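Next come the chains, spelled out residue by residue.
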Amino acid sequence: MSGSCDYDVVVAGGGLVGGSLAVALAQTDLRVALIEAVPPDSAAQPSFDDRTIALSHGSCKILQQLGLWPLLRDSVFPVERIHISEQGRFGTALIVAAEQGIAELGYVIKGRELGHALWQKIGDLPTLDVICPGTVTATSQSVSSCRSLTVATQGQERRIETQLLVVADGARSALRAALGVGASRDDYEQTAIVANVQVAKRYTGHTAYERFTPDGPLALLPGIDGRYTVVLARPSDNAEALLQLDDDNFLQVVQSCIGMRLGRLQKLGQRSSYPLELVQTAALTTSRAVMIGNAAHGLHPVAGQGFNLGLRDVASLAEILADAARSEHALDAGAESLLAEYAAWRDQDQRNVVRFTDGLIRLFGRKGRMLAAGRGLGLAAFDLFPAGKRELARQTMGLGGRVARLARGLPL
Ligand SMILES: Cc1cc2nc3c(=O)[nH]c(=O)nc-3n(C[C@H](O)[C@H](O)[C@H](O)COP(=O)(O)OP(=O)(O)OC[C@H]3O[C@@H](n4cnc5c(N)ncnc54)[C@H](O)[C@@H]3O)c2cc1C
């Protein structure tokens with residue numbers, strides 16, 4: 001299908017999002033290559049680490065359709081309720097799966113386990129060409145209908161031509177910059193500290209907690225071994241001191257934020273930290289290239305939206321390319337019409353999620369009393385009115401706007 005190019009599609013970046021797209025496109029007749037700089041089993045792999053990823057209902061359907069679920073079944077843990085509250089304020093909100101007519105709102109999984117399952121699947125796909133370790137170091141538009149890539153792999157340089165380059169190299173995307181596409185960067189001046197804790201036995205269950213505190217949000221996500229993952233966002237100038245605290249003192253900080261609703265927190269695991277910023281690409285597409293996942297939108301982890309949004313990028317792009325491959329004899333995967341369809345489809349969802357996550361941080365990050373009182377009443381009122389709650393639940397489940405076939409549990 002690729003005419004004079006080596007490939008129809010080259011995916012640059014085999015992290016959680018780029019790797020998922022490669023698996024999806026392997027279901028089509030397209031000639032696809034995946035290029036990833038850091039091997040999946042390396043300790044330096046930036047996409048697969050100790051962070052816990054909350055998968056929305058829609059994401060789980062996509063992963064099922066990608067054939068990943070049998071590889072994930074033993075690592076995922078269902079979330080049936082999300083409890084939202086604000087420290088020191090009246091009013092809580094509860095989103096319950098059963099009220100939405102489903103068994104679970106989504107699942108949680110360790111990023112490392114999701115990454116390993118993804119690459120196990122990638123290793124089983126005979127039609128997918130994988131270059132790993134391989135780094136795309138430069139790109140240019142060639143005179144033909146191809147984009148040229150320079151790929152550094154094990155001390156050598158290769159040139160590869162593709163109709164479409166998918167840029168999935170993360171929020172600090174060097175390829176986005178190499179394409180001449182700008183990005184806005186908004187530093188939250190917060191750092192997320194992630195660690196496992198044990199909660200009192202009678203509180204282990206299927207409820208995730210999102211707690212807003214004056215210094216930043218705290219999430220507690222349930223896990224398979226009865227342990228919870230803490231995601232504590234704190235002002236960056238205080239984060240180093242928190243990382244240096246001994247385990248008991250750090251647990252006390254978390255305990256003072258969440259109160260006793262999970263009993264006494266104990267047995268803190270290893271802490272890791274992530275500086276937080278909002279990164280938004282100036283354009284989702286440019287000539288024969290498209291930005292997906294964090295390369296398009298790097299978000300604050302509040303409400304666990306980043307990978308879910310990226311997976312919807314994957315489902316939409318895969319659907320557009322699969323449909324075009326079915327209907328066109330001489331497909332040009334990098335055709336402007338396809339890229340325009342992609343950008344039009346994804347733009348609203350991405351804006352909504354950015355507004356939602358960024359809005360939460362800005363709303364709960366302000367310390368005015370009036371706002372605080374309004375927020376408390378808002379949470380209580382929100383809990384009483386089913387329509388608003390249903391809409392939030394739909395967004396949280398990844399079911400807002402135009403929904404791709406994969407996210408509806410249908411084949412590509
Ligand atoms: C603390 C924390 C908690 C989170 N929790 C959630 C959650 O609960 N739910 C959720 O949906 N999201 C969550 N997220 C967000 C989620 O982790 C990210 O959205 C997701 O990992 C982005 O994946 P990606 O593949 O787009 O980018 P990345 O993970 O950055 O992967 C990019 C890949 O590209 C490779 N690469 C880079 N440059 C090149 C190159 N030139 N050539 C080839 N390869 C290259 C890198 O090695 C890497 O493998 C969380 C994030 C954080 C920090």
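The paragraphs below set out a description of the structure included in this document. Here the structure is a predicted model, which is why all the values come from computation and not from measurement. (Residues numbered from 1 in each chain as written. Predicted model: local features only at pLDDT ≥ 70, side-chain atom pairs only at ≥ 80, totals over all residues. Heavy atoms only, no water.)

It is worth spelling out unusual backbone geometry at this point. Cis geometry marks the peptide bond from cysteine 132 to proline 133; its omega dihedral reads 5°. Position of proline 133 among the secondary structure elements: in the loop between β8 (128-131) and β9 (135-141). A positive phi angle, close to 55°, is found at glutamate 189, a residue other than glycine. Non-glycine residue lysine 267 carries a positive phi angle of around 50°. As for its placement among the helices and strands, lysine 267 is situated in the loop between α7 (247-258) and β16 (272-281). (Helix = DSSP H or I, 4+ residues; strand = E, 2+ residues; numbered from the N terminus.)

Before going further, it helps to spend a moment on the packing of helix α2 (residues 57-65) against helix α8 (residues 306-327). Interhelical geometry of α2 versus α8 gives an angle of 45° and a closest axis separation of 10 Å. With respect to their mutual orientation, α2 and α8 come out oblique. The two elements α2 and α8 meet at a crossing, and its hand is left-handed. Residues Ser59, Ile62 and Leu63 of α2 lie in contact with α8, whose contacting residues are Asn308, Leu311 and Ala315. A per-class count over the contact of α2 with α8 returns four nonpolar, two polar and no charged. (Axes fitted to C-alpha atoms, helices over the stretch in contact; angles between N-to-C directions. Parallel < 35°, antiparallel > 145°, perpendicular 65-115°, else oblique. Left-handed = near helix turned anticlockwise from the far one by under 90°. Contact = heavy atoms within 4.5 Å. Nonpolar A, V, L, I, M, F, W, Y, C, P; charged D, E, K, R; others polar.)

As a further point, take the pairing of strand β10 (residues 147-153). Counting buried positions along β10 gives five out of seven residues, so the element sits mostly inside the fold. Pairing between β9 and β10: six bridges, direction antiparallel. Bridging from a neighbouring strand, valine 136 pairs with valine 151 of β10. Adjacent in sequence and paired antiparallel, β9 and β10 are bridged by five residues. (Buried < 20%, exposed > 50% of the residue type's maximum accessible area, 1.4 Å probe, protein only. Pairing = 2+ DSSP bridges.)

Relative to the helices and strands, threonine 281 is located in strand β16. A polar atom in the side chain of threonine 281 sits 2.7 Å from the backbone oxygen of alanine 283. Setting aside residues up to four positions removed in sequence, threonine 281 forms contacts with Arg176, Val181, Gly182, Ala183, Met291, Ala295 and Ala296. (Polar contact = N/O pair within 3.5 Å; in protein donor to acceptor, adjacent residues only side chain to side chain.)

Before going further, it helps to examine the site of the ligand. The environment of the ligand is formed by 32 residues, the closest being Glu36, Ser47, Arg51, Ala54 and Phe307. Valine 136 places a main-chain nitrogen or oxygen 3.1 Å from a nitrogen atom of the ligand. Glycine 304 is positioned such that a nitrogen or oxygen atom in its backbone is 3.2 Å from a nitrogen atom of the ligand. Listed by contribution, the elements that provide at least two residues to the shell around the ligand are α1 (16-25), β3 (52-56), β9 and α8. Broken down by class, the residue content of the shell around the ligand amounts to 14 nonpolar, 15 polar and three charged. (Near = heavy atom within 4 Å.)

The subject of this paragraph is the pairing of β3. Extensive coverage of β3 is indicated by the burial of four of its five residues. Both β3 and strand β7 (residues 106-110) contribute to a ladder of five bridges, which runs antiparallel. Looking at the pairing, threonine 52 lines up with lysine 110 of β7.

With that settled, consider the nonpolar core. Val9, Leu21, Leu72, Val166, Ile292 and Leu321 are the most contacted members of the largest nonpolar core, which has 61 residues in total. If you tally residues by element for this core, the top one is α8, at eleven residues. If we ignore the near neighbours within four places in the chain, the residues touching isoleucine 292 are Val17, Leu21, Val166, Val167, Ala168, Asp313, Val314, Leu317 and Tyr342. Core analysis: the next-biggest nonpolar cluster, separate from the first, contains 29 residues, Phe77, Ile84, Leu105 and Leu221 among them. (Core = buried A, V, L, I, M, F, W, Y, C linked by side-chain atoms within 4.5 Å.)

Our focus in this paragraph is the sheet that holds strand β6 (residues 92-96). Taken in spatial order, the eight strands make up an open sheet running β6-β5-β13-β14-β15-β12-β16-β19, and their pairing is mixed. Taken across any chain shown, the strands that pair with only one partner, and hence form the sheet edges, are β6 and β19 (297-298). Examined bridge by bridge, strand β12 (residues 183-198) and strand β15 (residues 227-235) share nine bridges and lie antiparallel to one another. Following the sheet pairing, threonine 191 is matched in β15 by arginine 234. Against the sheet, helix α6 (residues 236-244) contacts β12, β15 and β16, and its axis sits at roughly 25° relative to β12.

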